Structures are given as C-alpha cells and as structure tokens.
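# Results of the structural survey
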Amino acid sequence: MTVPVAAGYSRTQIALHWAVAALVAVQYLFNDAIAEAWSAHVQGKAYGFDPLVPAHVAGGVLILALVLWRIALRATRGVPPLPESEHPALHLLAQVTHLAFYGVLIALSVSGALAWFADVRLAAGAHTVLKVVLLALIALHVLAVIFHQSVLKTGVMQRMVRPGT
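Our subject in this report is the structure included herewith.

Reading the values: rules and limits
- Residues numbered from 1 in each chain as written.
- Predicted model: local features only at pLDDT ≥ 70, side-chain atom pairs only at ≥ 80, totals over all residues.
- Heavy atoms only, no water.
- Helix = DSSP H or I, 4+ residues; strand = E, 2+ residues; numbered from the N terminus.
- Buried < 20%, exposed > 50% of the residue type's maximum accessible area, 1.4 Å probe, protein only.
- Contact = heavy atoms within 4.5 Å.
- Areas by Shrake-Rupley, 256 points an atom, 1.4 Å probe, with all protein chains shown as cover.
- Expected span 1.5 Å × (residues − 1).
- Phe/Tyr/Trp six-rings, centres within 6.5 Å; stacked < 30°, edge-to-face > 60°.
- Polar contact = N/O pair within 3.5 Å; in protein donor to acceptor, adjacent residues only side chain to side chain.
- Lys, Arg positive; Asp, Glu negative; His and termini not counted.
- Salt bridge = Lys/Arg side-chain N within 4 Å of Asp/Glu carboxyl O.
- Core = buried A, V, L, I, M, F, W, Y, C linked by side-chain atoms within 4.5 Å.

This paragraph deals with the overall build of the protein. Along the backbone of the protein there are 5 helices and 0 strands. Secondary structure elements of the protein, listed N to C terminal, follow the sequence α-α-α-α-α. Dimensions of the protein, computed from C-alpha atoms along their principal axes, come out at roughly 60 × 30 × 25 Å. Per-residue burial over the protein gives 32% buried out of 165 residues. Sequence-distant contacts in the protein: of pairs separated by 6 or more residues, those separated by 24 or more amount to 79%. Element-wise, carbon and sulfur atoms account for 73% of the exposed surface of the protein, whose accessible area totals about 9,800 Å².

This is the structure:
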C-alpha cells in the first residue's frame, strides 16, 4: 500500500498524535488499579469498585479509536516525506517503527479487551509483554527525535508541532 504524500501533517493528525501519546502516558501511570483487579480476579478474590479500572478500559478503547482514525487519515490524506538527506536505512527504520507503533497499540487494546471482557488469560499475558514492547518503541521514538534535532538537524519535530498545508 502506498501512502499519499502531503506537505505536512494536518491539525487533526497532530492532535491525534499528541492525544494518543497523552492517553498512553495516563494508561501507564494509573494502571495499578486494573492490575490489582486482574490479579484479584485470577486468584478468585473479590475486588471493590475503583473508578480507575473502568477509566483504564475506556482509555484503551479511546486509544484504539484514535489509532484507527490516524491510520485512516494516513491512508487518505497522506504524510509528509521523510528528509531526503537521510540515509535510506533511516527511512526504512522510520517506516517499520511507525507500523510497529500502530500494530502494538492496536494489539494492546485488543488483548486488554480480550483479557478483561472474555477472560482470555493468554491475551492478558500478551498485554503484559506488549506494554514492554511499547515502552521500547517510545524510547526509540524519543531518541530518534533527539537524534534528528541535535545531530541531523532536519527539523522533523516541527512536523508534529506546526501543521503543514
């Protein structure tokens, strides 16, 4: 599938990027309640209501919806081209990393839903592994931004701050 080329990201694409980033951060910061509820469930123990549990579930559903929206926009509107001055290997790494982000975010939402709503223990295990994979992708993404800004000086960060035409 070829992605159309756009002059820059739209306001909507930028807003979706930062909304997903913020929601992912919240999911990590406030996941203790759902982890405790799941642990109690697996052990057959009762667990009292905690509003952070449905908030985590709702956050996962919202992330899934926003990621699917991002993918639809990417497919229809396009994305800006990667800097021409970069080595083709960096272009490939960028493409693979973005695909991995979308795949992992979707898989996290689906595995979390399968674990929580269908009691699929294998999905719960996959969810735990995928959380670590997502953290690694986030670290790689942040390091890539720093590398682009300070070493390559390509200004790619501006693409996620200022909308293109």
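Bringing helix α3 (residues 52–76) into the picture now. For α3, spanning 25 residues, the distance from its first C-alpha to its last is 36 Å, which sits close to the expected 36 Å at 1.5 Å a residue. The complete set of buried residues in α3 reads V53, H56, V57, G59, G60, I63, L66, V67, R70, L73 and R74. At the C-terminal side of α3, G78 shows a positive phi close to 100°.

Here we come to the packing of aromatic side chains. Tallied over the entire structure, the rule returns 1 aromatic pair. The interplanar angle of 40° and the centroid separation of 6.5 Å between the aromatic rings of W38 and W116 together place this pair among those described as tilted. Placement of the pair is W38 in helix α2 (residues 32–42) and W116 in helix α4 (residues 88–118), with a sequence separation of 78 residues. Assessed through its relative accessible area of 19%, W38 is described here as buried. A residue is classified by how much of its surface remains accessible, and W116, at 31% relative accessible area, is partly exposed.

Note that S111 resides in helix α4. With a relative accessible area of 6%, S111 lands in the buried category. A distance of 3.0 Å separates the side chain of S111 from the side chain of H127, its partner in a polar contact. S111 has contacts with A123, H127 and L130, leaving out every residue within four places of it along the chain.

A word on the environment of A113. Checked against the element boundaries, A113 lands in helix α4. Taking the C-alpha atoms as reference points, A113 and A25, 88 residues apart in sequence, are found 19 Å from one another.

Following the sequence through the fold, E86 ends up in the loop between α3 and α4. Nearest to the buried, unbridged E86 among oppositely charged side chains is R159, at 7.4 Å. Here the side chain of E86 touches H148 through a polar contact of 2.3 Å, side chain to side chain. If sequence neighbours within four positions are ignored, E86 has contacts with H91, H148, L152 and T154.

Looking now at the nonpolar core. One finds V20, V24, I63, V67, V104, L105 and L134 to be the most contacted residues of the largest nonpolar core, which totals 16 residues. Contributing elements (two or more residues each) for this core: α1 (11–29), α3, α4 and α5 (121–152). The element that contributes the greatest number of residues to this core is α4, accounting for 5 residues. Not counting the four nearest positions on each side in its chain, V24 is found in contact with I63, L105, L134 and I138. Core analysis: the second largest hydrophobic core is formed by 5 residues, I34, A37, V53 and V57 among them.

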